[in-house]
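# Descriptive structure summary
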Amino acid sequence: DGGITQSPKYLFRKEGQNVTLSCEQNLNHDAMYWYRQDPGQGLRLIYYSQIVNDFQKGDIAEGYSVSREKKESFPLTVTSAQKNPTAFYLCAVGAYMVYNEQFFGPGTRLTVL
Amino acid sequence: GDSVTQMEGPVTLSEEAFLTINCTYTATGYPSLFWYVQYPGEGLQLLLKATKADDKGSNKGFEATYRKETTSFHLEKGSVQVSDSAVYFCALSDLYNFNKFYFGSGTKLNVKP
């Protein structure tokens, strides 16, 4: 979706390094989400945030951290504690407490060497 | 808890064939239901949605009807094209559970000319 930017598209890191994935939105929605997708698999929720300065763990939060200092931004840090970080990471945005779809960014493919 | 189950793929069809991808759900509240499509290397795009029982979502020749009695939201298209080849995800959103989305595992569709 044109209103959600994820950068970079491809990211390579050495094992043991922390890396931060960017997600920016101009849709003015309150809720933001991070998902992980492995090849041939569905989406698994890592973290989500309904409002600024608040966020909750999803189903697979271990080894990840987030911040939500601005409405427009929800960066995800993949730490060295994440045992298998190579995956496709998707950021999504949605309206909070409204029957509405989630809008997805183009994704970042992280490869840990 | 809430969950979505969709038929496993891959589904391989010839061009102009009829498509059905089954999706059933479990929800404790009053979910909205969605179908998303993902093309290789991209994020998810909303295909269609339905917010209450008996609603029919439709877009680009695809249709799905929200069946509360059978807890189903099957995706159909009368005549598929090669360009429909993608992965299709069924999802639900529970308004009373912080707008969390629950995704099915995805069904890959291959359409042959």
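Note: the structure precedes this text.
In short, a report on the structure. (Residues numbered from 1 in each chain as written. Chains lettered and ligands numbered in written order. Predicted model: local features only at pLDDT ≥ 70, side-chain atom pairs only at ≥ 80, totals over all residues. Heavy atoms only, no water.)

### Notes on the packing of aromatic side chains
This model, assessed by the stated rule, comprises 15 aromatic pairs over all chains. Ring centres of tyrosine 35 of chain A and phenylalanine 103 of chain B lie 5.4 Å apart, and the angle between their planes is 85°; on these two criteria the pair is classed as edge-to-face. Placement of the pair is tyrosine 35 of chain A in strand 4 (residues 31-37) and phenylalanine 103 of chain B in strand 11 (residues 100-103), with the two residues belonging to separate chains. Taken individually, tyrosine 35 of chain A and phenylalanine 103 of chain B each receive the classification buried, so the pair is uniform in this respect. Over the ring of phenylalanine 74 of chain A we find arginine 68 of chain A; its NZ or CZ atom is 5.9 Å from the centre of that ring. (Phe/Tyr/Trp six-rings, centres within 6.5 Å; stacked < 30°, edge-to-face > 60°. Helix = DSSP H or I, 4+ residues; strand = E, 2+ residues; numbered from the N terminus. Buried < 20%, exposed > 50% of the residue type's maximum accessible area, 1.4 Å probe, protein only. Lys NZ or Arg CZ within 6 Å of the ring centre and 35° of its normal.)

### Side note on the sheet that holds strand 9 (residues 75-77) of chain B
Residues and elements named next belong to chain B. One open sheet accounts for 4 strands, arranged 3-9-8-7; its pairing is antiparallel. Lying at the two open borders of the sheet, with one neighbouring strand each, are strand 3 (19-21) and strand 7 (56-59). Adjacent strand axes in the sheet meet at a mean angle of 15°, parallel and antiparallel pairs treated alike. Direction of pairing for strand 8 (residues 62-65) relative to strand 9: antiparallel, over a ladder of 2 bridges. What sits directly across from phenylalanine 62, in strand 9, is lysine 77. (Pairing = 2+ DSSP bridges. Axes fitted to C-alpha atoms, helices over the stretch in contact; angles between N-to-C directions.)

### Side note on the state of the cysteines
All names here are of chain B. Tallying each qualifying case throughout the model produces 2 disulfides over all chains. Note that cysteine 23 is cross-linked by a disulfide to cysteine 90, the S-S spacing being 1.9 Å. With the S-S bond torsion at -70°, the cross-link from cysteine 23 to cysteine 90 turns out left-handed. Here cysteine 23 is found in strand 4 (residues 23-26), whereas its partner cysteine 90 is found in strand 10 (residues 86-94), with 67 residues between them in sequence. For cysteine 23, a relative accessible area of 1% gives the class buried. (Disulfide = S-S within 2.5 Å.)

### Re the pairing of strand 5 (residues 43-51) of chain A
Residues and elements named next belong to chain A. Of all the 9 residues making up strand 5, 7 are buried; the element is thus mostly covered by neighbouring parts of the structure. When strand 4 meets strand 5, the two strands line up antiparallel, connected through 6 bridges. In the strand pairing of strand 5, arginine 36 is matched with arginine 44. The turn joining strand 4 and strand 5, which pair antiparallel and follow one another in sequence, is formed by 5 residues; a positive phi near 70° is taken by glycine 40. Of the strand pairs in this sheet, strand 5 and strand 6 (residues 54-57) are connected by 3 bridges, and their pairing is antiparallel. Residue pairing for strand 6: isoleucine 51 is matched across the bridge by aspartate 54. Counting the residues in the hairpin turn of strand 5 and strand 6 gives 2 residues, including asparagine 53, whose phi is positive at 65°.

### With respect to the interface of chain A and chain B
Of the residues lining the interface, 24 residues belong to chain A; the matching set on chain B comes to 23 residues. Between chain A and chain B lies a buried interface of about 1900 Å² when both sides are counted; carbon and sulfur atoms form 56% of it. Where chain A meets chain B, there are 1 salt bridge. Lysine 49 of chain B is paired through a salt bridge with glutamate 101 of chain A; the nearest N and O atoms lie 2.9 Å apart. (Contact = heavy atoms within 4.5 Å. Buried area = accessible area lost by both parts, 1.4 Å probe. Salt bridge = Lys/Arg side-chain N within 4 Å of Asp/Glu carboxyl O.)

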